[in-house]
Amino acid sequence: MHPEISPFAFPAGLRGEGKDIDPRLREVMACLVKHLHASAKEINLTQGEWEYGIYFLTRTGQICSGERQEFLLLSDTLGLSMLVNAINNHRPPGATENTVFGPFHVAGAPVRQMGDIISLDDNGESCFYEGTVLDLDGNPVEGARIDVWSDNADGFYEVQQPDIQPKWNNHGIFVTGVVGRYNFIGIKPVSYPIPGDGPVGYMLGHLGRHAYRPAHMHYLVTAPGFQKLVTLIFVGDDAYLESDTVFGVKKTLVAPFERLVDGPTLWHSTFDFVLAPL
Ligand code: BEZ
Ligand code: FE
């Protein structure tokens, strides 16, 4: 996703020649420095606090790895990810809203048949999911690719527990047919804390904030001619809906989960995705 950071890749201006400085880089850095200095002055930042800030950022970098992105968690829990998301996604009225992607998606999940079960660990409360992928005029979208993933009943994604959960547990891809319908069986997801054993968890604890995300299903919906949709469907009765630790809840993404009596699954949930054109 990001270009390799290498001194050889830096534009000439960054090597100190002072020429050809990217105007956007100049603008971004000038604004950042202005606000950084203003906040230090406003709060009378002490030497010790500055040192602690440097230590905190150092620890944040040190805990990052191929599987863990603590800076992303920091951005998420400071509300910056959702702000950038809002600035960059002006979806037309009627289109399904987008929200955070999260760090637990793994590309390459199996394409499954409609109606298949994505929950492979015999754990959790089963739920039948269904709906239609539509365009803004209400026409069904054929060939939409619905990549769906959720945590398991213990609140962990498969990628977090590769030695415990079956491969691709609670994850699958479904492709819509002519009528744009999808359906599959998963579990009713549960609320879970974001990883709390690093600097971000420490920060939340010191601020008296909990680390929980309300229960949700992740969706990545793509179709030729339409904008990519990265979204979440939240479980309507979740206790953390008003206090999501990454600020990702939008009212239009809260779905009804109906408890079935004598049904083939314990729960049923319907949600239609409305795609915006490119
Ligand atoms: C998630 O929903 O998977 C997620 C989003 C942001 C931070 C951590 C987890
Ligand atoms: Fe999630």
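Structure first, text after, so check above.
Conventions and cut-offs
- Residues numbered from 1 in each chain as written.
- Chains lettered and ligands numbered in written order.
- Predicted model: local features only at pLDDT ≥ 70, side-chain atom pairs only at ≥ 80, totals over all residues.
- Heavy atoms only, no water.
- Helix = DSSP H or I, 4+ residues; strand = E, 2+ residues; numbered from the N terminus.
- Buried < 20%, exposed > 50% of the residue type's maximum accessible area, 1.4 Å probe, protein only.
- Contact = heavy atoms within 4.5 Å.
- Areas by Shrake-Rupley, 256 points an atom, 1.4 Å probe, with all protein chains shown as cover.
- Lys, Arg positive; Asp, Glu negative; His and termini not counted.
- Charge placed at Lys NZ, Arg CZ, Asp CG, Glu CD.
- Pairing = 2+ DSSP bridges.
- Patch = residues over 30% accessible without salt bridge, like charges linked within 9 Å, V, L, I, M, F, W, Y side chains within 5 Å.
- Salt bridge = Lys/Arg side-chain N within 4 Å of Asp/Glu carboxyl O.
- Donors = N, O, S within 2.8 Å, 3.2 Å for Na, K, Ca; no water.
- Tetrahedral: all angles 85-135°; square planar, octahedral: opposite > 155°, others 65-115°.
- Phe/Tyr/Trp six-rings, centres within 6.5 Å; stacked < 30°, edge-to-face > 60°.
- Lys NZ or Arg CZ within 6 Å of the ring centre and 35° of its normal.
- 1 Å grid on protein atoms, 1.4 Å probe; cavity = no way out; pocket = protein on both sides within 12 Å on 5 of 7 lines; lining within 4 Å.
- Points joined across faces, edges and corners; volume = space filled by probe spheres on them.
- Nonpolar A, V, L, I, M, F, W, Y, C, P; charged D, E, K, R; others polar.

So, about the overall build of the chain. Within the chain, the secondary structure is distributed over five helices and 12 strands. Referenced to the eigenvectors of the C-alpha coordinate spread, the extents of the chain come out at roughly 65 × 40 × 35 Å. Looking at the chain residue by residue over its 278 residues, the buried ones come to 40%. Look at the contacts in the chain between residues 6 or more apart in sequence, and 72% of them connect residues 24 or more apart. Total accessible area computed for the chain in this model is approximately 15900 Å², and 59% of it derives from carbon and sulfur atoms. Here the chain contributes 20 positively and 33 negatively charged side chains, and the mean placements of these two sets differ by 8 Å.

Moving on: the sheet that holds strand β3 (residues 171-175). Adjacent strands of a sheet pair through backbone hydrogen bonds, lying either parallel or antiparallel. Ordered in space as β3-β2-β7-β8-β9, the five strands form an open sheet in which the pairing is mixed. Both outer strands of the open sheet, β3 and β9 (254-255), are each paired with one neighbouring strand and no more. Where strand β7 (residues 216-222) and strand β8 (residues 229-235) come together, six bridges link them in antiparallel fashion. Within the sheet, the bridge partner assigned to methionine 217 lies in β8 and is isoleucine 233.

What follows deals with a nonpolar patch on the surface. On the surface, a nonpolar cluster with roughly 470 Å² of combined accessible area is contributed by Leu78, Leu80, Leu83, Val84 and Ile87. By secondary structure assignment, the location of isoleucine 87 is in helix α4 (residues 80-88). Judged by relative accessible area, isoleucine 87 falls into the exposed class, the value being 51%.

A separate point is the coordination of the iron ion (ligand 2). At 1.9 to 2.2 Å from the iron ion (ligand 2) lie its protein donor atoms, namely Tyr157 (OH), Tyr192 (OH), His216 (NE2) and His218 (NE2). Each of the six donor atoms bound to the iron ion (ligand 2) contributes to angles spanning 54 to 169°, and the resulting shape is irregular. Sequence spacing of the donor residues for the iron ion (ligand 2), all on one chain, is Y-x34-Y-x23-H-x1-H. Of the two residues, tyrosine 157 is situated in the loop between β2 (145-149) and β3 and tyrosine 192 in strand β5 (residues 192-193); the sequence distance between them amounts to 35 residues.

Turning our eyes to something else, we now look at the packing of aromatic side chains. Enumeration according to the criterion identifies 12 aromatic pairs in this entry. Between the aromatic rings of phenylalanine 101 and tryptophan 149, the centroid separation amounts to 5.5 Å while the plane-to-plane angle is 75°, which identifies the pairing as edge-to-face. Of this pair, phenylalanine 101 sits in the loop between α4 and β1 (126-134) while tryptophan 149 sits in strand β2, placing them 48 residues apart in sequence. Using a relative accessible area of 34% as the deciding quantity, one classes phenylalanine 101 as partly exposed. Here the aromatic residues Tyr129, Phe174, Tyr182, Phe184, Tyr219, Phe257, Phe271 and Phe273 are joined through ring pairs into a cluster of three or more. Above the face of the tryptophan 168 ring, lysine 167 is positioned so that its terminal group lies 4.6 Å from the ring centre. Sitting over the face of the ring of tryptophan 267, lysine 188 holds its NZ or CZ atom 4.0 Å from the ring centroid.

Before going further, it helps to examine empty space enclosed by the protein. Applying the stated criterion to the full structure yields two cavities of 30 Å³ or more. Of the volumes computed, that of the largest cavity is approximately 110 Å³. Lining the largest cavity are Leu73, Asp76, Val100, Gly102, Pro103, Phe104, Tyr192, Ile194, Pro195, Arg213, His218 and Val246. Along the lines of polarity and charge, the residues of the lining of the largest cavity split into eight nonpolar, two polar and two charged. Forming the walls of the second largest cavity are Phe104, Val106, Trp149, Ser150, Tyr157, Glu158, Val159, Asn169, Asn170 and His171. Class assignment of the residues belonging to the lining of the second largest cavity gives a composition of five nonpolar, four polar and one charged.

Moving on, we get to the pattern of salt bridges. The full count for this structure, using the stated rule, is six salt bridges. For glutamate 70, the salt bridge goes to arginine 68, with nearest N and O atoms at 2.9 Å. Because the salt bridges share partners, they merge into one network encompassing Arg68, Glu70 and Asp197.

From the geometry alone we can't say anything about function, so treat these as descriptive.
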